[in-house]
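Here is what each chain is made of, one letter per residue.
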Amino acid sequence: MWKEAQINIFYLYLAARSTMITVLAGGTGSAKFVRGLSKIVPTDEITIISNVGDNVELLGLYICPDIDTIMYLFAGLLDQRRGWGVANDTFKALNMLREYGFETWFKLGDKDLATHIQRTFLLKQGKTLSEVTEVLCRSLGVRAKIIPSSNSKIETKILTRKGKIHFQEFWVKRKAKDRVLAVIYEGIEQAEPSPGVIESILEADKIFFSPANPVTSIGPIINVPGVKNALIETKATVVAITPIIGKAPVSGPAGKLMKGLGYDVSPLGVAQIYSDLIDVFVLDTVDARLKSKIEQLGIKCIATSTLMANLVDEKRLAREILEHI
Ligand code: GDP
Ligand code: FO1
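Calculation notes
- Residues numbered from 1 in each chain as written.
- Chains lettered and ligands numbered in written order.
- Predicted model: local features only at pLDDT ≥ 70, side-chain atom pairs only at ≥ 80, totals over all residues.
- Heavy atoms only, no water.
- Pairing = 2+ DSSP bridges.
- Helix = DSSP H or I, 4+ residues; strand = E, 2+ residues; numbered from the N terminus.
- Axes fitted to C-alpha atoms, helices over the stretch in contact; angles between N-to-C directions.
- Contact = heavy atoms within 4.5 Å.
- Patch = residues over 30% accessible without salt bridge, like charges linked within 9 Å, V, L, I, M, F, W, Y side chains within 5 Å.
- Areas by Shrake-Rupley, 256 points an atom, 1.4 Å probe, with all protein chains shown as cover.
- Salt bridge = Lys/Arg side-chain N within 4 Å of Asp/Glu carboxyl O.
- Buried < 20%, exposed > 50% of the residue type's maximum accessible area, 1.4 Å probe, protein only.
- Phe/Tyr/Trp six-rings, centres within 6.5 Å; stacked < 30°, edge-to-face > 60°.
- Lys NZ or Arg CZ within 6 Å of the ring centre and 35° of its normal.

(A) How the structure looks around the sheet that holds strand β8 (residues 182-186). An order of β7-β6-β8 is seen for the 3 strands of this open sheet, with the pairing classed as antiparallel. Looking at strand neighbours, the two that pair on one side only are β7 (163-166) and β8, the edges of this open sheet. Neighbour-to-neighbour, the strand axes of the sheet open up by a mean angle of 30°, direction not taken into account. Alignment of strand β6 (residues 155-160) against β8, held across 5 bridges, turns out to be antiparallel. Counterpart to K157 in the pairing with β8 is I184. Across the sheet, helix α9 (residues 214-222) is in contact with β6 and β8; its angle to β8 comes to roughly 35°.

Structure follows, in structure tokens:
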């Protein structure tokens, strides 16, 4: 009798307890998946671990593109067509800065600039990047938890024949035209996960590697010391969604970077990068023939349509994955 009551209480507890979902995220691709997920799961059950490797200092301001993309998404401010920056932003300040002789290849809109001014101001007061992110999110009414992967400075640099350049210079200024010789996550060996990163991995029920650049978005997160161990230790189901369909990424330089590092530019190549850390890999239906090869890595495989052209696709993909796992 007592045992039966205990079991019933346990099941009531399980039913009442919310599902905790942690998402490892970059920018544009991740934002699509997170938008779909946030329409079918309560926002306050989602924790985002944001890549900081793309962060860059320009015009004396500290810019965190991936944190901002996800923050603007939850705040309803994201320019969904570009996948970054604030919708309907103007570029008057940047045009004036050009008159003063500043380099303006990184398109910082007027409203976006306000975010970087506030962030830089708060960092200069001595707050950590996580604390600053919390303040910015609160100001914009964001209820999801967005945690920078680290409060330490990590910068993704690309080694080219011209030397070592910042990822933003490689991608935005030079349009990924240089051959990639190596990718360096500068500062990562000394970096520490920011507060909440390890806990959100260990305590999650489900963890998603969003469809993101494995080299410049997920790489600088999972290589923060302690993160891989937490991903191995966690009881959560860890699921990665492919950023590559067929032989190419849907957008961005993931193909060029993977090729430069000697990986096969295919869903199999991505699964190989993640193989020690994930339980499930979601690949596109067009690549279903790779299922058995990926399963040989000890990973369960789901084939479905992964192209997200609109909110309907985004919600369908998130729902389908949640139903499967
Ligand atoms: P970034 O930081 O802006 O590069 O953004 P992420 O790293 O989060 O995402 C970029 C990756 O997402 C690219 O490699 C894209 O191929 C991938 N991606 C973008 N849109 C889609 C999509 O609709 N479906 C899938 N499967 N991948 C996508
Ligand atoms: N991407 C571009 O391709 N061109 C830009 O001028 C640009 C400006 C920009 C400004 C703020 C921001 O948060 C992101 C911005 N991005 C721009 C996106 C960014 O370079 C990359 O997509 C991400 O860093 C990759 O995750």
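(B) Structural context of a nonpolar patch on the surface. Together, M96, Y100 and F102 make up an exposed nonpolar region whose accessible area comes to about 360 Å². With respect to the helices and strands, F102 occurs in the loop between α4 (92-99) and α5 (110-124).

(C) Local environment of the sheet that holds strand β2 (residues 46-50). Spatial strand order, β5-β2-β1-β9-β10-β13-β14: 7 strands in an open sheet with parallel pairing. The open sheet has two free edges, formed respectively by β5 (145-148) and β14 (300-304), since each of these has just one partner strand. The average undirected angle you get between the axes of adjacent strands in this sheet is 20°. Pairing of β2 with β5, which is carried by 4 bridges, proceeds in the parallel orientation. Each bridged residue has a counterpart across the sheet, and for S50 the counterpart in β5 is P148.

(D) Representation of the pattern of salt bridges within the structure. Within the structure shown, the criterion is met by 14 salt bridges. Between E134 and R138 there is a salt bridge, and its shortest N-O distance comes to 3.8 Å. Highlighted residues: E134 and R138, both in helix α6 (residues 129-139), separated by 4 residues, approximately one helical turn. A salt bridge links K153 to E155; the shortest N-O distance between them is 3.9 Å. Since its relative accessible area comes to 13%, E155 is described here as buried.

(E) Seen up close, the packing of aromatic side chains. In the structure shown here, the tally under the stated rule is 3 aromatic pairs. Ring centres 5.3 Å apart and planes at 65° place the aromatic pair F33 and F208 in the edge-to-face group. Linking F33 in helix α2 (residues 28-40) with F208 in strand β9 (residues 206-209), this pair joins segments that are 175 residues apart in sequence. Ring centres of W105 and F106 lie 5.9 Å apart, and the angle between their planes is 75°; on these two criteria the pair is classed as edge-to-face. Judged by relative accessible area, which is 21%, W105 ranks as partly exposed. Positioned above the aromatic ring of W84 is the side chain of R82, whose terminal nitrogen or guanidinium carbon lies 4.1 Å from the ring centre.

(F) Representation of the pairing of strand β13 (residues 280-284) in the model. For β13, the buried fraction is high: 5 of the 5 residues fall into the buried class. Across the two faces of β13 the burial is the same, with V280, V282 and D284 and F281 and L283 all buried. The pairing of β13 with β14 spans 5 bridges and is parallel. Considered in β14, the bridge of L283 is made with A303.

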